[in-house]
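Architecture and fold: a report
Listed below, chain by chain, are the residues.
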Amino acid sequence: METFAPTERTTLKRLAKRGNFDRHVVYGILDEAFICHVGFIVEGRPVVIPTAYGRVGDRFYLHGSAANRMLRTAETGVDICVTVTLVDGLVLARSAFHHSINYRSVVIFGRALVVEDSREKFEALRSFTQHVVPNRWSDVREPTDSELKATIVLYLELMEVSAKVRTGPPIDDEEDYAMPVWAGEIPLRLVAGVPIPDPRLAEGIDPPQYVSDYSRTVPDGDPT
Ligand SMILES: Cc1cc2nc3c(=O)[nH]c(=O)nc-3n(C[C@H](O)[C@H](O)[C@H](O)COP(=O)(O)OP(=O)(O)OC[C@H]3O[C@@H](n4cnc5c(N)ncnc54)[C@H](O)[C@@H]3O)c2cc1C
């Protein structure tokens, strides 16, 4: 399906025209970002934890130490809510009230399941590494059996999902447009700095191109 079907939980209320259920748009955001926030209830209280993720097709993967509270809670099958946010710019209006942010964000609802299949677990871990640093996996030592055992991998089927996108200039009250105050957008981007070699790096190893040219460019949001 090209679009996610809106549910009661994913129906946008305020500024609903900024909502987007297009799978291509959602996956474009998920593939450009690599940090999500996972919300869940522990002992009756909400907790939100930032963490990395991967995506393969319609599966959204979370991973971490087998002792991780967030993963331990999620694997019991409770409802979780995951958000992913990309900030594209600060929107400076003529009034304080109409200041805004240009963004692309995704909200995912679901229940996580443990990846039991060892092949899928391995592939999920590969997808994390590739997601954060494309081309890295083929250069590094693969996880050992004990490292795999110490790691828990959960997946969420991407079914109940919404995106919201704001673009463009401020939207001021008509009478404010004549004000002698600068208004517009300050674009913001996540930009890689110059790579810093590990002090213990063996001599004669140059950074590979995927390191020296690292950027979070927008992949194509391929739904496969
Ligand atoms: C970087 C950033 C900054 C923001 N700053 C503000 C702010 O300062 N004040 C403010 O009021 N709003 C802000 N928003 C928008 C905010 O995320 C909500 O969209 C807004 O609070 C409207 O909520 P609601 O009560 O209409 O809907 P809710 O009842 O909260 O949401 C209903 C459903 O709509 C979907 N939904 C809502 N928001 C989003 C979203 N952002 N992305 C994807 N799906 C969504 C979800 O599926 C959600 O379950 C910001 C968003 C981003 C990404």
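Another point: helix 3 (residues 118-132). Between the first and last C-alpha of helix 3 there are 22 Å, a value that for 15 residues agrees with the 21 Å anticipated at 1.5 Å per step. What helix 3 keeps buried is the set Glu120, Lys121, Phe122, Ala124, Leu125, Ser127, Phe128 and His131. Where the residues of helix 3 are buried, they touch helix 1 (23-32), strand 3 (45-52), strand 4 (54-56), strand 5 (59-65), helix 4 (145-149) and strand 9 (151-157).

Bringing the packing of aromatic side chains into the picture now. Counted by the stated rule, this structure contains three aromatic pairs. Ring geometry for Phe4 and Tyr27: centres 6.0 Å apart, planes at 70°, overall edge-to-face. Here Tyr27 lies in helix 1 and Phe4 lies in the segment before strand 1 (19-20), a separation of 23 residues in the sequence. Tyr27 carries the same exposure label as Phe4, and that label is buried. Their ring planes at 20° and their centres at 4.7 Å tell us that Tyr53 and Phe60 sit as a pair that is stacked. For Tyr53, a relative accessible area of 0% puts it in the buried group. The ring of Phe4 carries the charged tip of Arg23 above its face, separated from the ring centre by 4.2 Å.

Scoring rules and cut-offs
- Residues numbered from 1 in each chain as written.
- Predicted model: local features only at pLDDT ≥ 70, side-chain atom pairs only at ≥ 80, totals over all residues.
- Heavy atoms only, no water.
- Helix = DSSP H or I, 4+ residues; strand = E, 2+ residues; numbered from the N terminus.
- Expected span 1.5 Å × (residues − 1).
- Buried < 20%, exposed > 50% of the residue type's maximum accessible area, 1.4 Å probe, protein only.
- Contact = heavy atoms within 4.5 Å.
- Phe/Tyr/Trp six-rings, centres within 6.5 Å; stacked < 30°, edge-to-face > 60°.
- Lys NZ or Arg CZ within 6 Å of the ring centre and 35° of its normal.

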